[in-house]
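Commentary on secondary and tertiary structure
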Amino acid sequence: MAVVIKQTVNCPRRMAVYAIFDTLDKLNGIYDQELVGDIKAQINVFDNLSEFAFAVTEQGDASIIHISILYPAPELTEEGQRRTIVFLRDSIIQHIENELNTTARE
């Protein structure tokens, strides 16, 4: 069963998408943009190479980040998959918070 997580963030869709790309770059992920808005990436998280899908939908002034693990590393349990996705979500949210704090100080 695929592990999926959704997270609402208080920022425009564009900022959330940039945060995903910046996080993928920081983690040395290999990615490409699939259909409009969908991002597929291979990322080595916790020494496990897996393939993920990211999408961002707009909801008023907020955005919803969708992260799913498409092809987990064979040794990842469902709990390991969940931990990996939570790590990615937290990394993206931290990036957004840092950007918002930087913008607020300017």
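Now for a look at the structure at hand. Computed from a predicted structure; not experimentally measured.

The rules behind each value
- Residues numbered from 1 in each chain as written.
- Predicted model: local features only at pLDDT ≥ 70, side-chain atom pairs only at ≥ 80, totals over all residues.
- Heavy atoms only, no water.
- Helix = DSSP H or I, 4+ residues; strand = E, 2+ residues; numbered from the N terminus.
- Rg over C-alpha atoms; globule rule 2.2 N^0.38 Å.
- Buried < 20%, exposed > 50% of the residue type's maximum accessible area, 1.4 Å probe, protein only.
- Contact = heavy atoms within 4.5 Å.
- Areas by Shrake-Rupley, 256 points an atom, 1.4 Å probe, with all protein chains shown as cover.
- Lys, Arg positive; Asp, Glu negative; His and termini not counted.
- Charge placed at Lys NZ, Arg CZ, Asp CG, Glu CD.
- Expected span 1.5 Å × (residues − 1).
- Pairing = 2+ DSSP bridges.
- Axes fitted to C-alpha atoms, helices over the stretch in contact; angles between N-to-C directions.
- Core = buried A, V, L, I, M, F, W, Y, C linked by side-chain atoms within 4.5 Å.

For the rest of this paragraph, the subject is the overall build of the protein. The number of helices and strands found in the protein is two helices and five strands. Along the protein, helices (α) and strands (β) appear in the sequence β-α-β-β-β-β-α when read from the amino end. For 106 residues, the compact-globule estimate of 2.2 N^0.38 gives 13 Å, and the C-alpha radius of gyration of the protein, at 14 Å, lies within 12% of that figure. Taking the principal axes of its C-alpha atoms as reference, the protein extends roughly 45 × 25 × 25 Å. Put simply, the protein has 106 residues, and 42% of those count as buried. If you take every contact in the protein between residues at least 6 apart in sequence, the share linking residues at least 24 apart comes to 52%. In the structure as shown, the protein presents an accessible area of about 6,600 Å², 50% of it carried by carbon and sulfur atoms. Taken as two groups, the 9 positive and 16 negative side-chain charges of the protein have centres that lie 3 Å from each other.

With that settled, consider helix 2 (residues 78–105). Taking 1.5 Å of rise per residue, 28 residues should cover 40 Å, and helix 2 covers 41 Å from first to last C-alpha, within 8% of that figure. Among the residues of helix 2, Gly80, Gln81, Thr84, Ile85, Leu88, Arg89, Ile92, Ile93 and Ile96 are the ones counted as buried. For helix 2, the elements touching its buried residues are strand 1 (4–9), helix 1 (13–26), strand 3 (39–45), strand 4 (48–59) and strand 5 (62–71).

With that settled, the discussion passes to the environment of Arg82. For Arg82, the position within the fold is in helix 2. The class of Arg82 is partly exposed, set by a relative accessible area of 37%. Put simply, Arg82 and Val4 are 78 residues apart on the chain and 8.1 Å apart in space, counted from C-alpha to C-alpha.

Moving on: the side chain of Ser68. One can find Ser68 in strand 5. Residue classification places Ser68 among the buried positions, given a relative accessible area of 15%. Residues in contact with Ser68, not counting those within four places in the same chain, are Val3, Val4, Glu51, Phe52, Ala53 and Ile85.

Let us now look at the sheet that holds strand 5. One open sheet accounts for five strands, arranged 1-5-4-3-2; its pairing is antiparallel. Of all strands in the sheet, those with a lone pairing partner are strand 1 and strand 2 (30–33), marking the two edges. Strand-to-strand twist of the sheet, defined as the mean angle between neighbouring strand axes without regard to direction, takes the value 25°. Pairing geometry for strand 4 and strand 5, over nine bridges, is antiparallel.

Of note, Asp61 is situated in the loop between strand 4 and strand 5. When near neighbours in sequence (up to four residues on either side) are disregarded, Asp61 contacts Asn10, Cys11 and Pro12.

With that out of the way, let us pick up the nonpolar core. The biggest cluster of nonpolar side chains holds 27 residues, and the ones touching the most others in it are Ile20, Ile43, Phe54, Ile65, Ile67, Ile92 and Ile96. When contributions to this core are tallied by element, the ones reaching two or more residues are strand 1, helix 1, strand 3, strand 4, strand 5 and helix 2. If one sorts the elements of this core by residue count, helix 1 sits on top with six residues. Those residues within four positions of Ile43 in sequence are excluded, and the remaining contacts are Leu24, Leu27, Gly29, Asn48, Leu49, Ser50, Phe52, Phe54 and Leu88.

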